[in-house]
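Coordinate inspection notes
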Amino acid sequence: MTAIPERLVAALADRYLIERELGRGGMATVYLARDVRHARQVAIKVLHPELAAVLGAERFLAEIKTTANLQHPHILPLFDSGAADGQLFYVMPYVEGETLRARLARETQLPIADAVQLAREVADALQHAHERGVIHRDIKPENILLQGGHALVADFGIALAVQQAGGQRMTQTGLSLGTPQYMSPEQAMGEKTVDARSDVYALGAVTYEMLTGEPPFSGATTQAIVARVLTVPPAPIAQTRTTVPPHVEHAVLTALAKLPADRQASAAQYSAALVDANTARPTGVARDAQPNPGAVRGGTRRNQRELLAWGVAAVAIGTAAWNGMPREAPPAPAAKFDIALPDSVFVPISNSQKLALSSDGERLAIVGARREARSQIYVRRLDDVVAVPVRGTEGGTAPSFSPDDRWLLFQEVQRPGANNFAANAVRIVPAAGGSSRLVVDSAVAPSWSADGRQVFFTRRNAVWIVPSEGGEPRRLMSPDSTRGIVRVSSPQALPGGTHVLVTFWSTATGPQTPRLATVSIADGKFEDLETSGANARYVEPGHVLFGRSPGEVYAAPFSLKRRRITGPPTLLLQDVRMPGNASSVGFAVSRYGTVAWNTSVGARLGAEPSHLVSVDRQGVERPLTRDPQMFSNPRVAPDNRRVAVTIGGPLGEGRISLLDIASGVSTLLTSESHARRPEWSHDGSHVYWFGYPGGDSAILQRRPADLSAPAASIAQFTEEVLGGGGSVEFAPGPSRGLSVLRRGNVGPDVNQPSTLTMAPTESLTVARPLITKRAAVAGPRVSPDGRLLAFSSGESGRLEVFVTPIPGPGPLVQISADGGSEPIWSRNGRIVYFRSGQSTSDGRSAAPTMMAATITESPSLGVVRRDALFADVYLRDGTHSNYDVLGESGFVMVKALSGGTAPAIRIYGLTNWMRLLGTAPAGSTP
């Protein structure tokens, strides 16, 4: 970085202490300094010497005073200006953020909602200045600062001050005012007088770049760019990004019109056009001048508008029925439509409910998250394109609207600073956003009572009730051993306020088959509805909707008076997301006529078509498989010649196959249809795996790797041993050494501890405790010499990787530094590989990275160094390692056909679904 000129430092020393250079542009160099008088950090812009030489200091300082009177929330104010030893400078607040240019360099294209928001904030600032006779003349991403997600326009009027002070001399020196990619045609032509419409053009160019990733015109030279600005129409945004709403595209292309008279007359008009979905396509906009893309796009948008119109009509009919108005409007047909989140927001993959519809069907609450940010609830009106984050719901999931739609109930997951990984709380927040308040701690699956005065939730496999303002919970229904009921969940109130719908599991039907029931709020009386399904919702005037595996939603007629299902269920939706089990099937319904659901092919591990690939430490990969299958949990043999891997099916079945790495030939190891999680013995002679004959029980089996003998059962783990909803993992140790078993719950129930036990490898039934934690513990891996155990634990509030001696006692050393999971030992036992970048306890996510931690045992157990190897773009399990080491410097990874770490989750809406009953079910593609 260029050294700070000593003359400048000395000249400003009595007022500003310059600390370092922040950057430099076409007119000035920017320094970070400390305002001595006011004890604050400021940014000082010092005009380049050649520019200062052209300008007269007195005239420039007189002109810049005009901008000092601009006071607006989105305008960066001017603190000071002056001349120091012949150098012209002006002083502004130091903004701890980034420029829009920096964000564009990082993201290329901004989310549509973000782009519209920032453009409107800049337009508001421009309107304020224009009304006071100040034209910016140099709107560009470098002059738009971002602070807390909002825009601050810098250098207001500086270009004007320079031009006014320099006059004709500016042209003579060849110094340029403005940036050619964002100059209006009249400014590019050198017209002396430009008005507000020139700034509108520049803002249109900036908005165009935020949406497409490129300015509307580019070229190898300034002359080439200016020529295109003057003669070539901008390409339709649709060619680059089809999701941009038509009215947004129309507004931007209108702002980019060549003639000022064809643009919006003011920045305020441009701002309004960005959010006015009724804006008509303006005459002369370049979109129609382009042949095929514009025509295709227009047809697509027309269809979407028709669907949205039907959706609004359905909402209107439902609202009329709610208010008791005559239903004279003709019945609208069922209409299906796509519901978009901002591009930078993704729907986290977990077992919690992600959607909720308001009772009138006009608003949808969605759980979303941004990279490096906590998960949050967003609310989007179905007739709008913008999803707005709800303040006060950070870290929230499982939302639901109150009966009057004024409040949101949600589950706060993995709170920062919590004592264990699965600490949850139920909170209430105004639907418009604000301060939330606690209802109850340590709870999941919250929902409202019919009158909104009480809240239902699940805790310890039972259903509870608590006043919505908080208080002492009351157990409504518990598991009942006399009836064989092992779990009750997903309470949903029925109208009338006397009963709730619940989901239950029993030993009679098997823990994998949920059923529906009603429970009396007064006395807890239980009535089996004799229907399999989960997550039931009542819908006026007399239906229940519920989920079934694999990813289906059914509608059945329901008598509210009798509290009985009165007819056969009808399949309504298919391909609905079901990340864990049927109790978390992802759909939501309004009281009348609207249903929303999310879907993703392969949201469950082993349910997305994928390939096995080998990857070196630099991230260079090559394929190991020819045909895509549903691969998961690969394990490389000690001789590095074969891979044992689970190959899944669409209904959750799995078989273990042995893949020869050199030839690509696979051999089936197992015959049963529910085999998972293979592991090699340390000497490579056998392969272990778990079979799941039914329910939650698991059988650890073993077979010689040469297939010379059939499989043998080693140990059985019943549902009682595992705990309700629990699971089991096996980490084999060396011969005559110790192996490790992990059993228990890895989900949100803090009352289901995870336990690590150790046993002789030759006698696994003789087990004794190694580690017991009331938090998620997963992924145990025994080192090659059998002396150390690596595993992940969430007791610190997020998953981290730890190492501890076997058999203990001994130190527990944290290996990861900023979140980690899925540990694997190197072949020599000196390195623990793990995956960082997963969601942390407060819902944050970092860039997924494969990490290597070098371990030492001398003088004590610890970490020598941590190295980031490559971007981890491969499918994860999150608990049980979904990759393995290959030799001393490579890995076998599972790569999704989509190329990402997780499939994209899409959200759909359907209005007037009752008109579909008796017809084909709605699929996942609009």
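Scroll up to find the structure this text is about.
Residues numbered from 1 in each chain as written. Predicted model: local features only at pLDDT ≥ 70, side-chain atom pairs only at ≥ 80, totals over all residues. Heavy atoms only, no water.

1. Observations regarding the pattern of salt bridges
Pairs can form between side chains of opposite charge once their charged atoms are near each other. The tally for this structure, following the rule as stated, stands at 28 salt bridges. For Asp138, the salt bridge is made with Lys140, and the minimal N-O distance between the two is 3.5 Å. The pair formed by Asp138 and Lys140 is uniform in burial state, with each residue classed as buried. Between Glu729 and Arg742 there is a salt bridge whose closest N-O contact spans 2.9 Å. On the criterion of sequence distance, the pair formed by Glu729 in strand E44 (residues 727-731) and Arg742 in strand E45 (residues 738-744) is long-range, its members being 13 residues apart. Of the residues examined, Arg742 reaches a relative accessible area of 0% and is grouped as buried. Taken together, the salt bridges that share partners define one network made up of Glu98, Arg103, Arg106, Glu107 and Asp114. (Salt bridge = Lys/Arg side-chain N within 4 Å of Asp/Glu carboxyl O. Buried < 20%, exposed > 50% of the residue type's maximum accessible area, 1.4 Å probe, protein only. Helix = DSSP H or I, 4+ residues; strand = E, 2+ residues; numbered from the N terminus.)

2. Side note on the sheet that holds strand E42 (residues 698-704)
Across the sheet, four strands lie side by side as E40-E41-E42-E43; this open sheet has antiparallel pairing. Bordering the open sheet on either side are strand E40 (675-680) and strand E43 (712-717), each of which pairs with just one other strand. Sheet twist, expressed as the mean angle between neighbouring strand axes with direction ignored, is 20 degrees. Pairing geometry for strand E41 (residues 686-691) and E42, over six bridges, is antiparallel. Its bridge partner lying in E42, Gly691 is registered against Ile699. (Pairing = 2+ DSSP bridges. Axes fitted to C-alpha atoms, helices over the stretch in contact; angles between N-to-C directions.)

3. Some thoughts on the pairing of strand E33 (residues 594-599)
Of all the six residues making up E33, six are buried; the element is thus mostly covered by neighbouring parts of the structure. Residues Thr594, Ala596 and Asn598 point to one face of E33 and Val595, Trp597 and Thr599 to the other, with burial holding for every one of them. Note that strand E32 (residues 587-589) and E33 share three bridges and pair antiparallel. Directly across from Ala588, in E33, lies its bridge partner Ala596.

4. A look at the side chain of Asp114
Topologically, Asp114 is positioned in helix H5 (residues 112-130). According to the relative accessible area criterion, Asp114 is buried, its value standing at 9%.

5. Observations concerning the environment of Ile806
Topologically, Ile806 is positioned in the loop between strand E50 (800-805) and strand E51 (813-814). When the C-alpha positions of Ile806 and Arg787 are compared, they lie 5.2 Å apart, and in sequence the two are 19 residues distant. Those residues in contact with Ile806 that lie beyond four places of it in its chain are Leu738, Val740, Met758, Val782, Gly786, Arg787, Leu788 and Leu789. (Contact = heavy atoms within 4.5 Å.)

6. Here we look at the sheet that holds strand E49 (residues 788-793)
In spatial order, the strands read E48-E49-E50-E51; together these four strands make up an open sheet with antiparallel pairing. A single partner strand is all that each edge strand has here, and the edge strands are strand E48 (777-782) and E51. In the sheet, E50 pairs with E51 via two bridges, with the strands oriented antiparallel. Bridging from a neighbouring strand, Val803 pairs with Val813 of E51.

7. As for the packing of aromatic side chains
Scanning the entire structure with this criterion turns up eleven aromatic pairs. Seen from their ring centres, Tyr833 and Phe891 are 4.8 Å apart, and the 85 degrees between their planes marks the pair as edge-to-face. Highlighted residues: Tyr833 in strand E53 (residues 831-836) and Phe891 in strand E57 (residues 890-896), separated in sequence by 58 residues. Of the two residues examined, Tyr833 and Phe891, each falls in the buried class. For Arg537, the ring lying beneath its charged end belongs to Phe587, and the centroid distance is 6.0 Å. (Phe/Tyr/Trp six-rings, centres within 6.5 Å; stacked < 30°, edge-to-face > 60°. Lys NZ or Arg CZ within 6 Å of the ring centre and 35° of its normal.)

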